[in-house]
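Residue-level listing of the chains:
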Amino acid sequence: MERPKYLDFFGLKDHPFRLTPDTHYFFPSRTHQEALKILSYGVENGEGFLVLTGKPGSGKTMLLRLLLKNLPPSMETAILLTTNLSPREIIEAILEDLGLEIPVQASKEVLWRIFRDYLLKLAHENRRLLLVIDEAQNLPEESLEELRLLSNLETENSKLLQILLAGQPLLNQKLVSPNLSQLLQRITIWSEVKGLERDELAPYINYRLIKAGGTSIVLEEKAEKVLYSLSQGLPRLVNKIMDRALLLAAAEEEATIDPPLIRLAAQTFGPYQANRYPNFWETLLRKFPLSYLHYAFFPFG
């Protein structure tokens, strides 16, 4: 991707707030460190089913990339990104990702046999397979049940297959459905990643700026407050607003980012984003009943 020209104004060598998850820019916030440790523990100890959930933009994909990047050589991986798949399509997609040949018009039983034989081959080589399914909230219940059946493939001593489901909060609701009670019992690692905490916002921004080679940008403390309210600490939203704020600041040849600039940056993404930060009167009306305000300001009217 071509580097934006406006970054030159700040002396930045790289794009600090790009939206694509780059592990070079991973900021070890409390929620992300905890989730990564839990998932790494589950993979290392051969847990059969692992689940990672979080709101859109919370950093799930970044965590998955870090996890995969640090897997031991003994781990083979298959990754599914297209998740609205039927039970048969799931097996086909796994075999395709592994580079295994699928016979023309093969029955589901044949596909199962090919997959089982491959897993046994890995086990003979003291290796195992980690299947990662992103956006798993889109999987139909029958496909989730198919995954449970696949997880039955095991030896006397260990699992032949580990499955990591990652998705939005809707995945939690699906997994606790009565129809998936047997699958729910198999889940031994269940982690939720949240947004940055308020005290982590400034360190997060400075960390990315330093990584990109720039330290001359000043984000006012009040601007941080506005930014956190607009983004709720979700890294993707922080990056979106900060990237646009840098563009606007460069256009004005200004290295200090203040609250009006943050609000203006948010407005470029539409009214919903811009209006998330309440003004004084909105805040007051939420805290006090209208009748109380009327009495406070007009006690005799």
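Presented here is a report on the structure given in the accompanying data block. (Residues numbered from 1 in each chain as written. Predicted model: local features only at pLDDT ≥ 70, side-chain atom pairs only at ≥ 80, totals over all residues. Heavy atoms only, no water.)

**Quick look at the overall build of the protein chain**
Then comes step 1: In terms of helices and strands, the protein chain carries 14 helices and 7 strands.
Then comes step 2: Taking all 301 residues of the protein chain together, the buried fraction comes to 46%.
Then comes step 3: As displayed, the protein chain offers around 16200 Å² of accessible surface, 53% of which is attributable to carbon and sulfur atoms. (Helix = DSSP H or I, 4+ residues; strand = E, 2+ residues; numbered from the N terminus. Buried < 20%, exposed > 50% of the residue type's maximum accessible area, 1.4 Å probe, protein only. Areas by Shrake-Rupley, 256 points an atom, 1.4 Å probe, with all protein chains shown as cover.)

**A short note on the pairing of strand β4 (residues 161-167)**
Successive side chains on a regular strand alternate, one facing one side of the sheet and the next facing the other.
Then comes step 1: Of all 7 residues in β4, 7 are buried; the element is thus mostly enclosed.
Then comes step 2: Two elements, strand β1 (residues 49-53) and β4, share 5 bridges in a ladder whose sense is parallel. What sits directly across from Thr-53, in β4, is Gly-167.
Then comes step 3: Here strand β3 (residues 128-133) runs beside β4; their pairing, made up of 5 bridges, is parallel. The residue of β4 that forms the bridge with Leu-131 is Ile-163. (Pairing = 2+ DSSP bridges.)

**Notes on a nonpolar patch on the surface**
Then comes step 1: On the surface, Val-176, Leu-184 and Trp-190 cluster together into a nonpolar patch covering about 250 Å² of accessible area.
Then comes step 2: Structurally, the position occupied by Leu-184 is in helix α7 (residues 181-186). (Patch = residues over 30% accessible without salt bridge, like charges linked within 9 Å, V, L, I, M, F, W, Y side chains within 5 Å. Salt bridge = Lys/Arg side-chain N within 4 Å of Asp/Glu carboxyl O.)

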